[in-house]
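# Coordinate inspection notes
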Amino acid sequence: MKYNEISHFSHPQHKLKFEYNEIPFKCDGCKEVGIGSRYKCSICDFDLHMHCAIPSPSISHPFYTKCSFQFLFRPPGDKPRYCNACERDVTGFVYHCNSCGYDLHPCCAKLPMVLDDGEVKLYLYRKVSSPCHKCGRKGRSWSYRSTCKKYNLHVACVKDMLVENWHELYFGRGKSRKLETRIPSLKNTLQTHHKKSKGKVKKCCEMAGLAVQFVISAVLGDPTALIAGVVGSLMSKG
């Protein structure tokens, strides 16, 4: 099988070709935002996340050890459903557990349990007791948490950030922006932990910026897209 070109049941009229592009897209499978790697029909402007284009028929997940999730091309039943990872609506492709009723977006189902570039390490948790640095609330959705436990970001908040800024990110893609890590609420929180050393504050804020890039890229379906300018523009908003 040629993985740079595939046939897909959701778009039978044309083959989909693999491409990497840092312009954000809306996946025509799960209806969620994506960036980086995708399968695309350039004739129809049809895009699929990697996880949606080549899904696993069934998966298990460490957070739900008694569940077996089956891949479905639409949510089961007639009632509105939401993803148990990010709490956003499920309107397209989904992994569904018939016995417990849980649902996971394909990209949420495949979120790495650990994000690590050798300097920054983040762990995925189902629930954490500390507040999120974006919304200030505890609980809510799955979260990525730093090794030092000083930094926490809800998967749901990352999704919210993307949706809030979608129009500017997509239509303002021609503008070049400097990659920044200026998230005021996050920076101030980090500084309260490291009042004694200015150097340590700077270093910790830089690491927090990298952490946000990691999480955003993973939620968008491509953990390798860490230097995307669109990620920098999202992070620079304050």
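These numbers come from a predicted model, not from an experiment.

### A closer look at the pattern of salt bridges
- All told, the structure shown has four salt bridges when counted by the stated rule.
- Of the charged contacts in the structure, one is a salt bridge between aspartate 47 and lysine 40, with a shortest N-O distance of 3.1 Å.
- Exposure remark for aspartate 47: the relative accessible area of 5% places this residue in the buried category.
- Ionic contacts of the salt-bridge type, sharing partners, join the residues Lys40, Asp45 and Asp47 into one network.

### Some points on the packing of aromatic side chains
- Scanning the entire structure with this criterion turns up nine aromatic pairs.
- Ring geometry for tyrosine 64 and tryptophan 142: centres 6.3 Å apart, planes at 35°, overall tilted. Of this pair, tyrosine 64 sits in strand β6 (residues 64-72) while tryptophan 142 sits in the loop between β12 (121-125) and β13 (143-146), and the two are 78 residues apart along the sequence.
- The exposure class of tyrosine 64 is buried, given its relative accessible area of 5%.
- Its relative accessible area of 1% is what places tryptophan 142 among the buried residues.
- For the pair phenylalanine 71 and tyrosine 95, a centre-to-centre distance of 5.5 Å together with 65° between the ring planes defines the contact as edge-to-face. Of this pair, phenylalanine 71 sits in strand β6 while tyrosine 95 sits in strand β9 (residues 94-96), placing them 24 residues apart in sequence. Comparing phenylalanine 71 with tyrosine 95 shows no difference in burial state: the two are buried.
- Through successive ring pairs, a cluster of aromatic residues spans Phe9, Phe71, Phe73, Phe93 and Tyr95.
- The positively charged end of arginine 145 is found above the aromatic ring belonging to tyrosine 125, 6.0 Å away from the centroid.

Rules used throughout
Residues numbered from 1 in each chain as written. Predicted model: local features only at pLDDT ≥ 70, side-chain atom pairs only at ≥ 80, totals over all residues. Heavy atoms only, no water. Salt bridge = Lys/Arg side-chain N within 4 Å of Asp/Glu carboxyl O. Buried < 20%, exposed > 50% of the residue type's maximum accessible area, 1.4 Å probe, protein only. Phe/Tyr/Trp six-rings, centres within 6.5 Å; stacked < 30°, edge-to-face > 60°. Helix = DSSP H or I, 4+ residues; strand = E, 2+ residues; numbered from the N terminus. Lys NZ or Arg CZ within 6 Å of the ring centre and 35° of its normal.

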